[in-house]
Amino acid sequence: MSIRTNPFDDDKLKEECGVVGIYGVDQAAARTVLALHALQHRGQEAAGIVVFDGRQFNAHRALGHVADNFSSESVIARLKGFAAVGHVRYSTTGETVLRNVQPLFADLEFGGFAIGHNGNLTNAYALHRDLVRRGSLFQSTTDTEVITHLMATQLRGSVIDRLIHALQQVEGAYSLVAMTGDMVIGVRDPLGVRPLVLGKLGDGHILTSETCALDIVGAEYLRDIEPGELVVLDRSGVHSLRPFPSAPHRFCVFEYIYFARPDSVVEGSSVYEARKRIGAELAREFPVAADVVIPVPDSGVPAAIGFAAEARIPFELGIIRNHYVGRTFIEPTDHIRHLGVKLKHNANRAMIEGRRIVLIDDSIVRGTTSRKIVEMVRSVGAREVHMRISSPPTTHSCFYGIDTPERSQLLAAKNDVQAMAQIIGVDSLAFITIDGLYRAMGHSARDSRHPQFCDACFTGEYPTSLTDQGVGPPAQLSLLAETA
Ligand code: SF4
């Protein structure tokens, strides 16, 4: 469904989206652009902003990076207003076309309503089918539009009542920002799978997926939005509601391992520190005699620092990442594709030749990139290659807003660790255990009856029902291109 613009990123899980909502601040759009820059790692396929200036809504949505679409003065000048919602997207539901770019906007009975969503609903197809039967005409193929149709078909109540009524019918993961002419709204699903934080920005407030976006706009972090909490930002400040029955929290543990930016603080814990602790735990669980610890950049770096410190083995940058590959390299030939891994990563011979190395990476998805990286370090003379992974084996797909391949494509779904080591070509391979991961996150072990996190891609224990797995997607008009 998704257009892959950089084929060498294919062997990573992909975060779906990042969201921003600002109320009560001049030039809200310009600040939203800055915040979206900080969230770019959460979605690189499209970006959008909707603003309200007290009289009307204005929107700009486009495929591509934030910098590609929000750098021109004329775009920002058109987006005047004191309230804004913004979104960066990586699609897991719906094609990558303009009509799916968020924030979505609808004219409802009470007026304009814009909404941006991080997460994925697990009963959207079933709800979509019912809504279409009752006469709803969908404009996009995203799961998020189900929420606006559920609001539209609720004939009574305030905006908030209608939103709550809609959310009471959905299952899955959502951190939402929404906007009407009077307010900006933030909501986290009752399990709190995806992050959402609140900050103070000048005389107003800001909601965003990660604290790194607060830093870039100069906002002060106030708190995380609680799982199951709905907040309203309006002229009189911040109002908090708890409209859903309380449920055990199941924050996505993979946010700590890979998705969130290392300079963010998520649910009270520094992502960077968490990754270092995971690396140290990995070193305790699976020590190895080696001369040097080398991260697979960039995401393997903090875990490798933690591993090296615990194992008392020197840490070196033995693989150098080219940060400028970006999206310029589209549709390579097979021959070029084979060379492609060197376009993004190159071995630093001076740190590798003749040495026993430990490679640290955050995950193995299909295993294709790992195999090429191992070939690369062997080609410059590594004497032994050991690989340590700072997540347990990824054996199941995610249905909560992370793009994972079909289960059959996951290397760990079909192979044990020994077989994976052979396929990747390493002398030894080990993954942190699930209990080791929980220890690194400050728990004595995983509570098997009430796990403290969502860890379904490692355990197969999904915290919600997966209604759509038995339903399948609705018939869709497939638009491969669309212009603004
Ligand atoms: S299945 Fe994995 S990636 Fe998806 S929300 Fe759960 S822990 Fe996160």
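So, a few notes on the structure that sits alongside this text. (Residues numbered from 1 in each chain as written. Predicted model: local features only at pLDDT ≥ 70, side-chain atom pairs only at ≥ 80, totals over all residues. Heavy atoms only, no water.)

1. Things to note about the overall build of the chain
And step 1. The number of helices and strands found in the chain is 17 helices and 25 strands.
And step 2. Taking the principal axes of the C-alpha coordinates as reference, the chain spans close to 70 × 50 × 45 Å.
And step 3. Across the chain, contacts joining residues at least 24 apart in sequence account for 70% of those joining residues at least 6 apart.
And step 4. Carbon together with sulfur atoms contributes 50% to the accessible area of the chain, which is approximately 19,600 Å² in total.
And step 5. Each charge sign in the chain was given a centre, from 48 positive and 55 negative side chains, and these centres are 2 Å apart. (Helix = DSSP H or I, 4+ residues; strand = E, 2+ residues; numbered from the N terminus. Contact = heavy atoms within 4.5 Å. Areas by Shrake-Rupley, 256 points an atom, 1.4 Å probe, with all protein chains shown as cover. Lys, Arg positive; Asp, Glu negative; His and termini not counted. Charge placed at Lys NZ, Arg CZ, Asp CG, Glu CD.)

2. Details of the state of the cysteines
And step 1. Summed over the entire model, instances satisfying the criterion amount to zero disulfides.
And step 2. In this structure C212 is not part of a disulfide, and its nearest cysteine sulfur, from C17, lies 15 Å away. (Disulfide = S-S within 2.5 Å.)

3. Re the site of the ligand
And step 1. Around the ligand, the surrounding shell consists of V193, R194, C252, F254, F259, C398, Y400, I402, C454, D455, A456 and C457.
And step 2. Put simply, the ligand lies in the largest cavity.
And step 3. Of all the secondary structure elements, the ones that give two or more residues to the shell around the ligand are α8 (254-259) and α17 (456-459).
And step 4. Residue classes in the shell around the ligand are distributed as 10 nonpolar, no polar and two charged. (Near = heavy atom within 4 Å. 1 Å grid on protein atoms, 1.4 Å probe; cavity = no way out; pocket = protein on both sides within 12 Å on 5 of 7 lines; lining within 4 Å. Sits in = over half its atoms within 2 Å of the grid points. Nonpolar A, V, L, I, M, F, W, Y, C, P; charged D, E, K, R; others polar.)

4. So, empty space enclosed by the protein
And step 1. In the structure shown here, the tally under the stated rule is one cavity of 30 Å³ or more.
And step 2. By volume, the largest cavity amounts to about 100 Å³.
And step 3. In this structure, the largest cavity is lined by 16 residues; those nearest its centre are R194, C252, C398, C454 and C457.
And step 4. Here the lining of the largest cavity is composed, by residue class, of 14 nonpolar, one polar and one charged. (Points joined across faces, edges and corners; volume = space filled by probe spheres on them.)

5. With respect to the environment of P190
And step 1. Its location among the elements puts P190 in the loop between β9 (184-188) and β10 (197-201).
And step 2. Considering only alpha carbons, one finds P190 and A173, 17 residues apart in sequence, at a separation of 8.6 Å.
And step 3. With near-sequence residues (within four places) excluded, P190 lies in contact with Y174, P227, G228, F244, P245, A247 and H249.

6. What to know about the packing of aromatic side chains
And step 1. Under the definition given, this model contains 13 aromatic pairs.
And step 2. Measuring from centroid to centroid gives 6.2 Å for Y256 and F453, while their planes differ by 85°, and the two rings are edge-to-face. Separated by 197 residues along the polypeptide, Y256 in helix α8 and F453 in strand β25 (residues 453-454) bring together distant segments of the chain. Of the two residues, Y256 and F453, neither departs from the other in class, the shared state being buried.
And step 3. Here the aromatic rings of Y400 and Y462 are separated by 6.3 Å at their centres, their planes lie at 55°, and the arrangement is tilted. (Phe/Tyr/Trp six-rings, centres within 6.5 Å; stacked < 30°, edge-to-face > 60°. Buried < 20%, exposed > 50% of the residue type's maximum accessible area, 1.4 Å probe, protein only.)

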